[in-house]
Amino acid sequence: DEQELIDKPNQEGVTIDVPMLFIGQTGDWVCRTDLMEDARQQGLLKGGCEDKVVDAGHWVLYEKPDEIAEVILEWLGRKFGGKS
């Protein structure tokens, strides 16, 4: 349960210490980028979290695989260098 992690932010192993890309979708009421706000405010995302919202539903990987691949490649290129 995510709330337990937020309530106890000083526990070892509950932070994300690497850069993170969160891909949300306009038609998805489950995987929403705004739901990451509590984790941000509690300092659980030590490596930073970048949001990207795509015009798609919950099954975005099936709906728009090429667009998602481009989003990921571009982000990886910016964060870790190399081809983007």
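Enquirer: If you had to explain the confidence of the model for the chain to someone new, which residues and values would you point to?
Expert: Taken over all residues, the pLDDT of the chain has a mean of 86, while the share at 70 or more is 81%. Looking across the chain, the model is least confident in helix H1 (residues 2-7), with a mean pLDDT of 65, and most confident in helix H4 (residues 65-80), with 95.

Enquirer: Requested: an account of the pattern of salt bridges, with residues and values cited.
Expert: Side-chain pairing between opposite charges can occur once the charged atoms of the two side chains come close. With the rule as written, the count across this model stands at six salt bridges. Measuring nitrogen to oxygen at the nearest pair gives 3.9 Å for the salt bridge that ties Arg40 to Glu37. Pair noted here: Arg40 and Glu37 are both in helix H2 (residues 37-41), with a separation of three residues, about one helical turn. Judged by relative accessible area, Arg40 falls into the partly exposed class, the value being 27%. Exposure remark for Glu37: the relative accessible area of 36% places this residue in the partly exposed category. We note a salt bridge from Glu74 to Arg78, for which the minimum N-O separation is 2.4 Å. Here Arg78 and Glu74 lie together in helix H4, a separation of four residues that amounts to about one turn.

Enquirer: Could you give me a rundown of the packing of aromatic side chains, with the residues and numbers involved?
Expert: Scanning the model with the defined rule gives two aromatic pairs in all. Seen in terms of ring centroids, Trp75 and Phe80 are 6.0 Å apart; in terms of plane orientation they differ by 80°. Their pairing is edge-to-face. When its relative accessible area of 53% is taken as the criterion, Phe80 is described as exposed.

Analysis parameters
- Residues numbered from 1 in each chain as written.
- Predicted model: local features only at pLDDT ≥ 70, side-chain atom pairs only at ≥ 80, totals over all residues.
- Heavy atoms only, no water.
- pLDDT = per-residue confidence, 0-100.
- Helix = DSSP H or I, 4+ residues; strand = E, 2+ residues; numbered from the N terminus.
- Salt bridge = Lys/Arg side-chain N within 4 Å of Asp/Glu carboxyl O.
- Buried < 20%, exposed > 50% of the residue type's maximum accessible area, 1.4 Å probe, protein only.
- Phe/Tyr/Trp six-rings, centres within 6.5 Å; stacked < 30°, edge-to-face > 60°.

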